[in-house]
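A structural walkthrough
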Amino acid sequence: MTVSIAASGAAARAIDTVVPQLVADLVASGITAQDPGLWGPAAEPEAAKRLGWTEAVAVSRPLVAEIRALREQLAADGVDHVVLAGMGGSSLAPEVITRTYGVPLTVLDSTDPAQVRAAVGHDLERTVLVVSSKSGSTLETDSQRRVYEQAFRDAGIDPASRIVVVTDPGSSLEQLAHDAGYRVFTADPNVGGRFSALTAFGLVPSGLAGADIVELLDEADAISVLLAVDTDENPGLVLGAALATLDPTVAKIGLVPDGTHIVGFGDWAEQLLAESTGKDGKGLLPVVLAPDSPELAAGPSDLQVVRIVGSREDERHVAEGEVEIDGTLGGQFLVWEYAVAVAGRLIGINPFDQPDVEAAKAAARALLDDRPAPTEPVFTEGGTAVRETAGLSAGTTLAEAVTGLLAELDATGYLAVQAYVDRTADHGLASLRDALAARSGRPVTLGYGPRFLHSTGQYHKGGPASGVFLQIVADEVEDLAIPGRPFTFGRLIRAQAAGDASVLAEHGRPVLTLTTSDVAAATAALRAAVSL
């Protein structure tokens, strides 16, 4: 077996109780047969066109030779620096795959001017850009494509020789790419973005970067037979039951890497869990942790810890109440996809839609179109402007503002730190997250905007109404134009932050927004304020 799971405490009891019923209901074989009725009549229309991931390994095999041939052709032309322009499901799996295999891939999943500028300015003469968008209309990805096209032309490079497109057949991006002469890979349209790790969206950028995608598919293939069988040993059923152990109106899932060879798996699983389950006032909030995170010492009762571990030769002793899972990367991808589909059935939601994701996008577009004057800050301290949503008292100092936000947390709440900054720079945000978790005694998530809008953003609006939100927005001194657009990257990312804050406020979620031109200094000041 390429994946194994061990559990204790309530998770083990849930497995013993729930899995036999899942077996009796033929859930595993039903998922594999792409039965859309497993999640109820309301979910059936969406589920009917979102279960193609169960056969992704077979469908994707023919891509391998095409990807390998393109990689060799590019290398012969001296092009060996791969940049991926994509958001959410189009970027998270390739990032995990390439980091695990130790091959370089620049993931451009931001509209932060500094991050975009740095990516475009690095080794352009050796660069191939993979533009990846399922819908073909993703605003961030379109903006990134435009700036690279202009950069290639300015450098005397034909963009048609340096841009590769991954999209669904029939999308506007496919037509644009054919018109421009770009190389196009189309993916199975019956696979949602967060389930697309083993499709062209995961394989094309990873394979071009040098990852062993044949091994990845072999790993998934090795577990696929067991996942299709209705048996108590099916790891998809076992993990699904373990994930759905806690009350879905309060449940959090602590994702902890602990000796695994897989790098950054929590970031991929975060979207899969949050966007699939966070709706109808229910959900599983993923909290990506380190082995020494404060939440593990505090042990909140609404946190189910799942450790991603390495293979162990000695007998495993799982900590009380925890779940441990180990296995290959390809195997883990497929097991977690099955498990989330199973958990959705147990929770009673449709795991394949994302009804609240569009709201923040629409709000950002409205702000770009209307260009309202920015709201005045409540106060400014040390170059950091402080703004609040209605009903939240920011006080007159940074310490009072943070204290006021944390006071909104209840016994089942969580804090989401939303950083609209260059995520490739070291701003000290990880240590700030730890300080906030230690101070509040509650789970704290850290997401980079706008990328989290394509993942946990669904949970923030559609899940349990227990979150409070801290936005940190970089006010870039040097902006960057978007060719052919009437707005810049700086204006776009500020609109995305403001749009999300407005939608959260409409849902009754408290939001504290800090805008600064020196993110590292603001982060240090926040840590000091939290420690008071």
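A quick note: this is a predicted structure, and the numbers were derived from the prediction, not measured. (Residues numbered from 1 in each chain as written. Predicted model: local features only at pLDDT ≥ 70, side-chain atom pairs only at ≥ 80, totals over all residues. Heavy atoms only, no water.)

Quick word on the layout of surface pockets
- Quantified by volume, the largest pocket comes out at close to 1,100 Å³.
- If you trace the largest pocket, you find 48 residues lining it, with Arg99, Asp267, Arg423, Tyr448 and Arg451 closest to the centre.
- Contributing elements (two or more residues each) for the lining of the largest pocket: α6 (92-101), β3 (106-108), α7 (113-120), β7 (252-258), α13 (265-277), β8 (285-288), α18 (429-440) and β14 (444-448). (1 Å grid on protein atoms, 1.4 Å probe; cavity = no way out; pocket = protein on both sides within 12 Å on 5 of 7 lines; lining within 4 Å. Points joined across faces, edges and corners; volume = space filled by probe spheres on them. Helix = DSSP H or I, 4+ residues; strand = E, 2+ residues; numbered from the N terminus.)

Here we look at the sheet that holds strand β1 (residues 3-7)
- Spatial strand order, β1-β10-β9-β7-β8: five strands in an open sheet with mixed pairing. Where the open sheet ends on each side, the last strands, each with one partner, are β1 and β8. Averaged over all adjacent pairs, the angle separating strand axes in this sheet is 25 degrees, with direction ignored.
- Pairing between β1 and strand β10 (residues 323-327): five bridges, direction antiparallel. If you follow Ile5 over to β10, its bridge partner there is Ile325.
- Its contacts with the sheet place helix α12 (residues 235-243) against β1, β7, β9 (303-309) and β10, and it is angled at close to 35 degrees to β1. (Pairing = 2+ DSSP bridges. Axes fitted to C-alpha atoms, helices over the stretch in contact; angles between N-to-C directions. Contact = heavy atoms within 4.5 Å.)

Considerations on empty space enclosed by the protein
- Inspection of the entire model under this criterion finds one cavity of 30 Å³ or more.
- Considering only enclosed or pocket space, the largest cavity measures out at about 50 Å³ in volume.
- Lining the largest cavity are Glu270, Ala416, Val417, Gln418, Thr445, Leu446, Gly447, Phe452, Thr456 and His460.
- Looking at the lining of the largest cavity, the elements with two or more residues in it are β13 (414-420), β14 and α19 (456-462).

Focus: the side chain of Ser132
- Its location among the elements puts Ser132 in strand β4 (residues 127-133).
- Accessibility expressed as a relative area gives 1% for Ser132, which makes it buried.
- Once residues within four sequence positions are removed from consideration, Ser132 is found in contact with Leu84, Ala85, Gly86, Ser90, Thr141, Val166 and Phe201. (Buried < 20%, exposed > 50% of the residue type's maximum accessible area, 1.4 Å probe, protein only.)

Quick word on the pattern of salt bridges
- If you walk through the whole model with that rule in mind, you get 29 salt bridges.
- A salt bridge links Arg194 to Glu275; the nearest nitrogen and oxygen atoms lie 3.4 Å apart. Separated by 81 residues along the polypeptide, Arg194 in the loop between β6 (183-186) and α10 (200-209) and Glu275 in helix α13 bring together distant segments of the chain. No difference in accessibility class separates Arg194 from Glu275, as the two residues are buried.
- A salt bridge links Arg494 to Asp475; the shortest N-O distance between them is 4.0 Å. Of this pair, Arg494 sits in helix α20 (residues 489-506) while Asp475 is found in the loop between β15 (467-474) and α20, placing the two residues 19 residues apart along the sequence.
- Three or more residues are tied together by salt bridges with common partners; here these are Glu95, Asp109, Asp267, Arg423 and Arg451. (Salt bridge = Lys/Arg side-chain N within 4 Å of Asp/Glu carboxyl O.)

With respect to the nonpolar core
- In terms of nonpolar packing, the biggest core is built from 90 residues, with Trp53, Leu243, Phe265, Trp268, Phe333 and Trp336 touching the most fellow members.
- Broken down by element, this core gets its largest block of residues, 12 residues, from helix α15 (residues 329-347).
- Residues lining this core come from more than one domain, with at least three contributed by each of domain 1 (4-26 + 230-346) and domain 2 (54-216).
- Setting aside chain neighbours within four positions, we find Trp268 in contact with Leu92, Ala93, Val96, Arg194, Ala197, Phe333, Trp336 and Glu337. (Core = buried A, V, L, I, M, F, W, Y, C linked by side-chain atoms within 4.5 Å. Domains from an automatic or database assignment.)

Brief notes about the domain arrangement of the protein chain
- Examined at the domain level, the protein chain breaks down into domain 1 (4-26 + 230-346), domain 2 (54-216) and domain 3 (356-531).
- The distance between the C-alpha centroids of domain 1 and domain 3 comes to 28 Å.
- Taken together, the contacts link 26 residues of domain 1 with 23 residues of domain 3.
- With both sides pooled, the region where domain 1 packs onto domain 3 buries about 1,800 Å², and carbon together with sulfur makes up 60% of that total.
- At the boundary of domain 1 and domain 3, one finds three salt bridges.
- A salt bridge links Arg442 to Asp302; its shortest N-O distance comes to 2.5 Å.
- Between domain 1 and domain 3 we count eight residue pairs in polar contact (both at pLDDT 80 or more) in total.
- Residue assignment for the side of domain 1 that touches domain 3 shows that the elements contributing at least two residues are α13, β8 and α14 (294-298). (Buried area = accessible area lost by both parts, 1.4 Å probe. Polar contact = N/O pair within 3.5 Å; in protein donor to acceptor, adjacent residues only side chain to side chain.)

Quick notes on the side chain of Glu322
- For Glu322, the position within the fold is in the loop between β9 and β10.
- Judged by relative accessible area, Glu322 falls into the buried class, the value being 11%.
- At 2.6 Å, the side chain of Glu322 forms a polar contact with the side chain of Arg307.
- If we ignore the near neighbours within four places in the chain, the residues touching Glu322 are Ala6, Ala7, Ser8, Gln304, Val305 and Arg307.

Overview of α18
- For α18, spanning 12 residues, the distance from its first C-alpha to its last is 16 Å, which sits close to the expected 16 Å at 1.5 Å a residue.
- If you check which residues of α18 are buried, you get Leu429, Leu432, Arg433, Ala435, Leu436 and Ala437.
- Looking at the buried positions of α18, the neighbouring elements they touch are α14, α17 (398-406), β13, β14, β15 and α21 (519-531).
- Once α18 ends, the next one or two residues include Gly441, with phi positive near 70 degrees. (Expected span 1.5 Å × (residues − 1).)

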